[in-house]
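Listed below, chain by chain, are the residues.
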Amino acid sequence: SFMLYVPKDIVAGDFYWMHNLGDTVLIAAADCTGHGVPGALVSVVCSNALNRTVKEFGLTDTGKILDKVTELVLETFEKSGEQINDGMDISLLSINKKAGKIQWSGANNPLWVIKGKVLTEIKADKQPIGKSQNRTQFTSNNLSLNPGETFYLITDGYGDQFGPEGKKLMKKRFKEMLLSIQDKSMAEQKQFLDEHHTKWKGNIEQTDDLTVIGIKI
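I will try to describe carefully the structure that is included in this document. (Residues numbered from 1 in each chain as written. Predicted model: local features only at pLDDT ≥ 70, side-chain atom pairs only at ≥ 80, totals over all residues. Heavy atoms only, no water.)

**Things to note about unusual backbone geometry**
Then, number 1: With a phi close to 60 degrees, E165 is a non-glycine residue in the positive phi region.
Then, number 2: Positive phi values are uncommon outside glycine, yet M170 reaches one of about 75 degrees.
Then, number 3: Note on placement: M170 falls in the loop between β10 (150–154) and α3 (171–180). (Helix = DSSP H or I, 4+ residues; strand = E, 2+ residues; numbered from the N terminus.)

**Side note on the sheet that holds β10**
Then, number 1: Spatially, the five strands line up as an open sheet ordered β1-β11-β10-β6-β7, and their pairing is antiparallel. Only two strands of the sheet have a single neighbouring strand rather than two, namely β1 (2–6) and β7 (118–122). Along the sheet, successive strands turn relative to each other by an average axial angle of 15 degrees, direction set aside.
Then, number 2: Examined bridge by bridge, strand β6 (residues 111–115) and β7 share five bridges and lie antiparallel to one another. (Pairing = 2+ DSSP bridges. Axes fitted to C-alpha atoms, helices over the stretch in contact; angles between N-to-C directions.)

**Some words on the packing of aromatic side chains**
Then, number 1: Applying the stated criterion across every chain, the model contains four aromatic pairs.
Then, number 2: A ring pair is formed by Y5 and Y16, whose centres lie 5.1 Å apart and whose planes are at 80 degrees; its orientation type is edge-to-face. Residue Y5 is located in strand β1, and its partner Y16 is located in strand β2 (residues 14–21); the two are separated by 11 residues in the primary sequence.
Then, number 3: On the numbers, 4.5 Å between centres and 20 degrees between planes, the contact of Y158 with F174 is stacked. Of this pair, Y158 sits in the loop between β10 and α3 while F174 sits in helix α3, and the two are 16 residues apart along the sequence.
Then, number 4: Judged by its relative accessible area of 1%, Y158 is buried.
Then, number 5: What makes F174 buried here is its relative accessible area of 1%.
Then, number 6: Ring pairs connect the aromatic residues W112, Y158 and F174, which therefore count as one cluster. (Phe/Tyr/Trp six-rings, centres within 6.5 Å; stacked < 30°, edge-to-face > 60°. Buried < 20%, exposed > 50% of the residue type's maximum accessible area, 1.4 Å probe, protein only.)

**Looking at the packing of α3 against helix α4 (residues 186–201)**
Then, number 1: As a packed pair, α3 and α4 sit with axes 12 Å apart at the nearest point and diverge in direction by 145 degrees. Classified by chirality, the crossing of α4 by α3 is right-handed. Residue-level inspection shows R173, F174, M177 and L178 of α3 in contact with α4, the latter providing F192, L193, H196 and W200.
Then, number 2: For the contact of α3 with α4, the class distribution of residues is six nonpolar, one polar and one charged. (Left-handed = near helix turned anticlockwise from the far one by under 90°. Contact = heavy atoms within 4.5 Å. Nonpolar A, V, L, I, M, F, W, Y, C, P; charged D, E, K, R; others polar.)

**Regarding a nonpolar patch on the surface**
Then, number 1: A cluster of nonpolar side chains, I10, V11, V37 and L41, forms an exposed patch at the surface whose accessible area comes to about 440 Å².
Then, number 2: Relative to the helices and strands, V37 resides in helix α1 (residues 36–55).
Then, number 3: Judged by relative accessible area, which is 53%, V37 ranks as exposed. (Patch = residues over 30% accessible without salt bridge, like charges linked within 9 Å, V, L, I, M, F, W, Y side chains within 5 Å. Areas by Shrake-Rupley, 256 points an atom, 1.4 Å probe, with all protein chains shown as cover. Salt bridge = Lys/Arg side-chain N within 4 Å of Asp/Glu carboxyl O.)

**Brief notes about the side chain of S94**
Then, number 1: The topology assignment puts S94 in strand β4 (residues 87–96).
Then, number 2: Setting aside its immediate chain neighbours within four residues, S94 contacts T24, V25, L26, T62, K101, I102 and Q103.

See below:
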């Protein structure tokens, strides 16, 4: 596995999270509203809610985890007595190697799965962790664990980076790039993505925090 984490400022709205539950490991890439200090404050609220959900409430289903995290985050914001519209997009993956099962849920951010030369996108629910109209329960996507597959949990920072001629990298080009480096080890993939991001932005200011987590089964 690898984790590429490049904050825009010293502190960030993006954060990564991991928790072991017996035979199951939970891994998340999260993107909170904003960046810098405001984003970092929201990320503290959201990461605390994740920890409480699995430790205090003992939830293991990824969809139910995101439902509970939403409830806890909204409770925290309501205590401030102000109207707070901040929130979090997240990609949450659960891997149980013993049972051979994988479960995934997402708030706005997708899961990319690559096997061979095929990239499959599992779409997220189109709602954030936080205030949202017409909120529904988060979907728990159950997947089989297949050797040779690689999972990518991302925030939008990598694809949204501006580069030559003021163009964004965009998700389409990002996907093509990941497909082109499947012959590389996970450490080499991280190095490639890091170097490409630096080269792409050149002298342009970094657009946003970015997080990319790659896990090969």
